[in-house]
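# A structural walkthrough
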Amino acid sequence: RNRCDLYACHGALKLTLQLLKQATFLGKDLSNTDICIDIITDSSYAWKLLKDSHRLCKWGSALSIDGSESTLVDIEGPLYLANPDLLLPLARTVYKMTNGDVVTRRGEKLCIGKNINIAFRHVGDLPHLQGSTFSDKVTSSSQEVAIWQFQRG
């Protein structure tokens, strides 16, 4: 389950990146726009790994994302429990988005915002989001997005 939770956070981040890319492709000028991205998880495992955006950027800035221990020196506990094969690509995505390193498939730089702030939050820390109403909304929204994505392509 931990791997799935980590992968879901990366999926949410990549979906957000694609939406920002699409906006620029459609002519939206985001060069003067501050973008705040909050990804909410109910997984304590994922949140503990992802809550520190500075640490994520440090991992993402490493030249190698091969999961070597030198890249993840400040991981608490055994390295294999951090799932570096999932964590490092996620960290690389965070780094690229927050440092203006987003490129098109042709290698051209793409501006997806002036300042990009990415935060991973735990649902338990957001009291206004707790309860079945929030859960029902998330489930419904997730189904709509999945259907939209399926019909799109």
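Here the structure is shown first, and the text comes after it.
Here we summarise the structure given alongside this text.

## A word on the nonpolar core
If you look at the biggest cluster of nonpolar residues, it comprises 32 residues, and the most contacted ones within it are Leu 50, Leu 56, Leu 87, Met 97 and Phe 120. Listed by contribution, the elements that provide at least two residues to this core are α1 (2-25), β1 (34-41), α2 (44-50), α3 (53-60), α4 (84-98) and β2 (115-122). Sort the elements by how many residues they give to this core and α4 lands first, with seven residues.

## Focus: the side chain of Thr 104
With respect to the helices and strands, the residue Thr 104 is situated in the loop between α4 and β2. Not counting residues within four places of it along the chain, the set of residues in contact with Thr 104 comprises Phe 25 and Leu 110.

## Side note on the pattern of salt bridges
If you walk through the whole model with that rule in mind, you get six salt bridges. Of the charged contacts in the structure, one is a salt bridge between Asp 85 and Arg 3, with a shortest N-O distance of 2.9 Å. With Asp 85 in helix α4 and Arg 3 in helix α1, this pair connects stretches of sequence that are 82 residues apart. The class of Asp 85 is partly exposed, set by a relative accessible area of 46%. Overall, the relative accessible area of 38% leaves Arg 3 in the partly exposed class. Across the pair Arg 121 and Asp 38 runs a salt bridge whose closest N-O atoms are separated by 3.3 Å. Placement of Arg 121 in strand β2 and of Asp 38 in strand β1 is noted, with a sequence separation of 83 residues between them.

## What to know about α3
If you check which residues of α3 are buried, you get Arg 55, Leu 56, Cys 57, Trp 59 and Gly 60. Looking at the buried residues of α3, the elements they touch are α2, α4 and β2. A distance of 3.1 Å separates the backbone nitrogen of His 54 from a side-chain oxygen at the start of α3, and that oxygen is part of Asp 52.

## Quick notes on the environment of Ala 23
Checked against the element boundaries, Ala 23 lands in helix α1. Using a relative accessible area of 23% as the deciding quantity, one classes Ala 23 as partly exposed. Between the alpha carbons of Ala 23 and Ile 112 there is a distance of 8.3 Å; along the sequence they are 89 residues apart. Ignoring sequence-local partners within four residues, the contact set of Ala 23 consists of Lys 28 and Leu 30.

## Topic: a nonpolar patch on the surface
A surface patch of nonpolar side chains, about 340 Å² in accessible area, is lined by Leu 15, Leu 19, Val 145 and Trp 148. Position of Leu 19 among the secondary structure elements: in helix α1. Residue classification places Leu 19 among the partly exposed positions, given a relative accessible area of 48%.

## A closer look at the packing of α1 against α4
At a minimum axis distance of 10 Å, the contact between α1 and α4 shows a crossing angle of 25°. The orientation of α1 relative to α4 falls into the category roughly parallel. Taken as a pair, α1 and α4 cross one another with a handedness that is left-handed. In this structure, α1 contributes Arg 3, Leu 6, Tyr 7, Cys 9, His 10, Leu 13, Leu 17 and Leu 20 to the contact, and α4 contributes Asp 85, Leu 86, Leu 87, Pro 89, Leu 90, Thr 93, Val 94 and Met 97. By residue class, the composition of the contact of α1 with α4 is twelve nonpolar, two polar and two charged.

Cut-offs and rules
Residues numbered from 1 in each chain as written. Predicted model: local features only at pLDDT ≥ 70, side-chain atom pairs only at ≥ 80, totals over all residues. Heavy atoms only, no water. Core = buried A, V, L, I, M, F, W, Y, C linked by side-chain atoms within 4.5 Å. Buried < 20%, exposed > 50% of the residue type's maximum accessible area, 1.4 Å probe, protein only. Helix = DSSP H or I, 4+ residues; strand = E, 2+ residues; numbered from the N terminus. Contact = heavy atoms within 4.5 Å. Salt bridge = Lys/Arg side-chain N within 4 Å of Asp/Glu carboxyl O. Polar contact = N/O pair within 3.5 Å; in protein donor to acceptor, adjacent residues only side chain to side chain. Patch = residues over 30% accessible without salt bridge, like charges linked within 9 Å, V, L, I, M, F, W, Y side chains within 5 Å. Areas by Shrake-Rupley, 256 points an atom, 1.4 Å probe, with all protein chains shown as cover. Axes fitted to C-alpha atoms, helices over the stretch in contact; angles between N-to-C directions. Parallel < 35°, antiparallel > 145°, perpendicular 65-115°, else oblique. Left-handed = near helix turned anticlockwise from the far one by under 90°. Nonpolar A, V, L, I, M, F, W, Y, C, P; charged D, E, K, R; others polar.

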